[in-house]
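Okay, here's what each chain looks like letter by letter:
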Amino acid sequence: MSLSSLALRWSARRAPLIARATTLCARYNSTYTPQTAALADIDPSRLKVTKRTDLKPQPDLEGLAFGRVFTDHMLTIPWTAESGWDAPQITPYGPLHLEPSSTVLHYAQTLFEGMKAYKNAEGKVTLFRPDMNMKRMITSASRIALPTFNGDALLDLIKQLIRLDAHWIPERPGYSLYIRPTLIGTQRAIGVGPPDEALLFVILSPVGPYYKTGFKPVALHATTEYSRAAPGGTGAFKLGANYAPGVVPQREAAVHGYSQNLWLHGPEHYLTEVGTMNMFVAIRNAQGVAELITPPLDGMILPGVTRDSVLSIAREHASGAHKISGLPDQLIVSERPVTMPEVKQALKDGALLELFGAGTAAIISPVDRVGYLGDDLIIPTGPDGLGPLSKPILAEIQGRQRGEIPSSWSVAV
Ligand SMILES: *Cc1c(COP(=O)(O)O)cnc(C)c1O
């Protein structure tokens, strides 16, 4: 049986799963409504700002580690089941006051987002597709019975917080301000159920380039002994509960010289994600045409903003709507299941072009080695680490992020 007919058979088997996950996601995304009309939504006009008087010293950009330093201020918005969202507050960055009975501490009633603000050479500050983060945050909240909200109102407040701490955004290329919106259940009673109190907060952290020297390829351990996500589980939502269980598998991979897990699923060994990033693989087909493949949103894949950006850019190129220089003229872009046997076969045939992770933190993370069932598969990489498709796509994404390439994805703060 040929590889493509195998792929078709696998797709057919998974079609019901994908359909169900798509329906679920569409339902969450289309049902943004405050719990009842009587409850207050997030209201930026009620914002109270308490500025810090003793501004913190700013870190040396050279040794800046990811997510360790936070800016002067934070945004908090409390919620109760009786009255909805209370007045938003911007206050000096500092500890939260939580009772030990708070449900977040017992049942992981917590979700988060990760997005970045960029400052260009003229000092203009922009966000990258922040509407997608707001939508996803609401989707995550719906999944674990935390309160939903108006995403535009939260985005307005996040912009106000960024403007207040804008001097923390490094202007250097590759640097940015990482934004971490979080929503937790703070009910002060340890029963499992929808919490009657919640707290939304947003903190900001200046960050440097993910890799110090260019885009250094990483080695992955193809993981079959643990799973990150399961059918009908919560892998498609950015919930805190999905991340603690991945730490031990990552540490075990590291002991064997692999920096991340390549999460496989099922006896077929479907590729799903890389660490906490989405995953792409590029294979040249029998006709010599490159196919860029990422697994479909079947409920086990986190719907990444970077994943969507890579797909959109590749599809605009393939359709001729917006050609990207450096990409092969003919390109097939597929959201379809892909298995380790298919990757192994492509490697054997000399048809594997590249394999890479995609996420906000690193943008593109090329892979040069995959440890799979005791063997090391050596994955081709370009001279600077990036492969033939990821390199031009990364340049396009960075250009749009920095506003050098005009695009509706770049939103002014
Ligand atoms: C956040 C995340 C991604 C990437 O999403 P982006 O929106 O591109 O940053 C991918 N997989 C997992 C598991 C994630 O948590």
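Residues numbered from 1 in each chain as written. Predicted model: local features only at pLDDT ≥ 70, side-chain atom pairs only at ≥ 80, totals over all residues. Heavy atoms only, no water.

- As annotated in an unreviewed UniProt entry, the chain carries the name Branched-chain-amino-acid aminotransferase and comes from Exidia glandulosa HHB12029.
- The record held by UniProt for the chain lists under Cofactor (unreviewed entry) the comment "pyridoxal 5'-phosphate".
- On record in UniProt, under Sequence similarities (unreviewed entry), the comment for the chain is "Belongs to the class-IV pyridoxal-phosphate-dependent aminotransferase family." (UniProt positions renumbered as here; feature names shortened; annotations may be inferred.)

## Describing the layout of surface pockets
Right, on to step 1. Estimates place the volume of the largest pocket at around 930 Å³.
Right, on to step 2. Surrounding the largest pocket, 40 residues form its lining, F112, R180, K238, Y243 and T276 being those nearest its centre.
Right, on to step 3. When the residues that make up the lining of the largest pocket are grouped by side-chain class, the tally is 18 nonpolar, 17 polar and five charged.
Right, on to step 4. Taken domain by domain, the lining of the largest pocket gets at least three of its residues from each of domain 1 (30-207) and domain 2 (215-403).
Right, on to step 5. Counted as a void, the second largest pocket has a volume near 540 Å³. (1 Å grid on protein atoms, 1.4 Å probe; cavity = no way out; pocket = protein on both sides within 12 Å on 5 of 7 lines; lining within 4 Å. Points joined across faces, edges and corners; volume = space filled by probe spheres on them. Nonpolar A, V, L, I, M, F, W, Y, C, P; charged D, E, K, R; others polar. Domains from an automatic or database assignment.)

## A closer look at the site of the ligand
Right, on to step 1. Neighbouring the ligand are 14 residues; K238, Y243, E273, T306 and T360 lie closest to it.
Right, on to step 2. R136 places a polar side-chain atom, nitrogen or oxygen, 2.9 Å from an oxygen atom of the ligand.
Right, on to step 3. In the complex, 95% of the free accessible area of the ligand, which totals 380 Å², lies under the protein chains.
Right, on to step 4. A majority-of-atoms criterion places the ligand in the largest pocket.
Right, on to step 5. Here the residues of the shell around the ligand sort into four nonpolar, six polar and four charged. (Near = heavy atom within 4 Å. Polar contact = N/O pair within 3.5 Å; in protein donor to acceptor, adjacent residues only side chain to side chain. Areas by Shrake-Rupley, 256 points an atom, 1.4 Å probe, with all protein chains shown as cover. Sits in = over half its atoms within 2 Å of the grid points.)

## Considerations on the packing of helix α6 (residues 305-319) against helix α8 (residues 390-401)
For any two helices packed against each other, one specifies the inter-axial angle together with the distance between the axes.
Right, on to step 1. The N-to-C vectors of α6 and α8 enclose an angle of 110 degrees; their axes lie 10 Å apart at closest approach. Classified by the interaxial angle, the pair formed by α6 and α8 is roughly perpendicular. By crossing handedness, the relation of α6 to α8 is classed as right-handed. Contacts between α6 and α8 involve S309, V310, I313, A314 and E316 on the former and, on the latter, I393, E396, I397 and R400.
Right, on to step 2. Partitioned by chemical class, the residues of the contact of α6 with α8 number five nonpolar, one polar and three charged. (Axes fitted to C-alpha atoms, helices over the stretch in contact; angles between N-to-C directions. Helix = DSSP H or I, 4+ residues; strand = E, 2+ residues; numbered from the N terminus. Parallel < 35°, antiparallel > 145°, perpendicular 65-115°, else oblique. Left-handed = near helix turned anticlockwise from the far one by under 90°. Contact = heavy atoms within 4.5 Å.)

## Things to note about the UniProt feature "modified residue: N6-(pyridoxal phosphate)lysine" (unreviewed entry) in the chain
Right, on to step 1. When the UniProt feature table is mapped to this numbering, "modified residue: N6-(pyridoxal phosphate)lysine" (unreviewed entry) covers K238.
Right, on to step 2. Tracing the sequence through the fold places K238 in the loop between β10 (218-223) and α5 (247-255).
Right, on to step 3. Aside from chain neighbours lying at most four places away, what touches K238 is L111, F112, E113, G114, R136, S140, Y243 and L302.

## Considerations on the pairing of strand β6 (residues 115-119)
Every other side chain in a regular strand lies on the same face of the sheet, so the side chains alternate between the two faces.
Right, on to step 1. Of all the five residues making up β6, five are buried; the element is thus mostly covered by neighbouring parts of the structure.
Right, on to step 2. Relative to strand β8 (residues 176-185), β6 runs antiparallel, the two sharing three bridges. Within β8, the residue paired with M115 across the bridge is I179.
Right, on to step 3. The sheet contact formed by β6 and strand β7 (residues 125-128) spans three bridges and is antiparallel. Considered in β7, the bridge of K119 is made with V125. (Buried < 20%, exposed > 50% of the residue type's maximum accessible area, 1.4 Å probe, protein only. Pairing = 2+ DSSP bridges.)

## Some remarks on the side chain of D72
Right, on to step 1. Note that D72 resides in the loop between β1 (48-49) and β2 (73-80).
Right, on to step 2. D72 gets classed as buried once you look at its relative accessible area, which sits at 0%.
Right, on to step 3. Those residues in contact with D72 that lie beyond four places of it in its chain are R52, L55, K56, T91, P92, Y93, D165, H167 and W168.

## Considering the packing of aromatic side chains
Right, on to step 1. Applying the stated rule across the entire model yields seven aromatic pairs.
Right, on to step 2. Judged by centre distance (5.3 Å) and plane angle (0 degrees), the ring pair of F70 and Y93 falls under stacked. Here Y93 lies in the loop between β4 (89-92) and α2 (104-107) and F70 lies in the loop between β1 and β2, a separation of 23 residues in the sequence.
Right, on to step 3. Pairing F128 with W409 gives two aromatic rings, centres 5.7 Å apart and planes at 85 degrees, and the pair type is edge-to-face. With F128 in strand β7 and W409 in the loop between α8 and β19 (410-412), this residue pair connects regions lying 281 residues apart in the sequence. W409 shares its class with F128; the two are buried.
Right, on to step 4. Here the guanidinium or amino end of R129 rests over the ring plane of W409, the centre of that ring lying 4.0 Å away.
Right, on to step 5. The residue whose ring lies beneath R172 is Y175, and the NZ or CZ to ring-centre distance is 5.4 Å. (Phe/Tyr/Trp six-rings, centres within 6.5 Å; stacked < 30°, edge-to-face > 60°. Lys NZ or Arg CZ within 6 Å of the ring centre and 35° of its normal.)

## Comments concerning the nonpolar core
Right, on to step 1. One finds L262, L271, V281, L292, L355 and V370 to be the most contacted residues of the largest nonpolar core, which totals 53 residues.
Right, on to step 2. Look past the residues within four positions of L262 in its chain and what remains in contact with it is L220, H221, A222, T223, L271, E273, V274, M279, M340 and V370.
Right, on to step 3. By size, the runner-up hydrophobic cluster in this structure holds 38 residues, among which are I77, A141, F149 and L161. (Core = buried A, V, L, I, M, F, W, Y, C linked by side-chain atoms within 4.5 Å.)

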